[in-house]
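Chain by chain, the residues run as shown.
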Amino acid sequence: MRQLIFIIMAIALISFAVSSVTTAGQETELRSLNTGYVLSDSDLRLMKNKAFEGDAGSAFQIYLHYSLGKYDSICAFGWLQIAANKGHAVAQYNLGSTYMDVALFKNIKLAVFWLKEAEKNGEEMATERLKELEESESNKIDKK
């Protein structure tokens, strides 16, 4: 049984090992390492240049690189903020959720702000998170 589970996991990892993403007509290869994505040095430079030129998608890819690949939470958070400020709806949702859930960054006002921005930009999950936040905050008030 354990051998079967190991084989299934190995097949799943191999099938997700290499994927590609197209950003502004430029195909960039992302390599999966366990649960994350790593950009090559040249692709990272390219993405940074595009992000500094205003491309929210590139900033978000760099966030993924640092949050799921290179595991640098401070860099990841900075790139998440850049992507959110440039209007990337998923980044706005992730930033709002970070302000809502991560003790180091906990800030309910910023969580509400970014979740509302994400909701305005079409991120449907933001509506659910806002409801969840509203319920948890009203429960805190009820307990006082």
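The structure presented is a predicted model; accordingly, all values stated were derived computationally and were not measured.

Engineer: Which residues make up unusual backbone geometry, and what values do they have?
Structural biologist: Phi is positive for Tyr71, which is not a glycine, with a value near 55°. Counting through the fold element by element, Tyr71 comes out in the loop between helix 3 (56–69) and helix 4 (73–85). Residue classification places Tyr71 among the exposed positions, given a relative accessible area of 52%.

Engineer: So what about the pattern of salt bridges? Which residues, and what values?
Structural biologist: If you walk through the whole model with that rule in mind, you get four salt bridges. Notably, a salt bridge pairs Glu128 with Lys131, separated by 3.9 Å at the nearest N-O pair. With Glu128 and Lys131 both in helix 7 (residues 124–143), this residue pair falls three residues apart, about one helical turn. One salt-bridge network, in which partners are shared between bridges, spans Asp101, Arg129 and Glu132.

Engineer: Explain the packing of aromatic side chains to me, and be specific about the residues and the numbers.
Structural biologist: Within this structure, the stated rule accounts for five aromatic pairs. Plain terms: the ring middles of Phe60 and Tyr63 are 5.3 Å apart, the flat faces sit at 40° to each other, and that makes the pair tilted. Note that Phe60 and Tyr63 are positioned in helix 3 at a spacing of three residues, about one turn of the helix. Per residue, the accessibility class of Phe60 equals that of Tyr63, and both read buried. Summarising the aromatic geometry, the rings of Phe77 and Tyr99 are spaced 5.8 Å apart at their centres and angled 85° between planes, so their arrangement reads as edge-to-face. Here the residue Phe77 occupies a position in helix 4, and Tyr99 occupies one in helix 5 (residues 89–101), the gap between them amounting to 22 residues. Accessibility expressed as a relative area gives 11% for Phe77, which makes it buried. An aromatic cluster is present here, built from Phe77, Tyr99 and Phe105 joined pairwise through their rings.

Each value, and the rule that gives it
Starting afresh in each chain, residues are numbered from 1 along the sequence in its written order. For this predicted model, a pLDDT threshold of at least 70 governs which residues receive local features, and a threshold of 80 or more governs which side-chain atom pairs are given and counted, while totals over whole chains, interfaces and linings are taken from all residues. The basis for the side-chain values is all heavy atoms of the structure; hydrogens and waters are excluded. Helix and strand labels come from DSSP, where a helix needs a run of H or I of at least four residues and a strand needs a run of E of at least two; each type is numbered from the N terminus. For the exposure calls, accessible area comes from a 1.4 Å probe over protein chains only, and a residue counts as buried if that area is under 20% of its type's maximum, exposed if over 50%, partly exposed in between. When a carboxyl oxygen of Asp or Glu is within 4 Å of a side-chain nitrogen of Lys or Arg, the pair counts as a salt bridge. For Phe, Tyr and Trp, rings pair up if their centres lie within 6.5 Å, where Trp contributes its six-membered ring, and each pair is then called stacked (planes under 30 degrees apart), edge-to-face (over 60) or tilted (otherwise).

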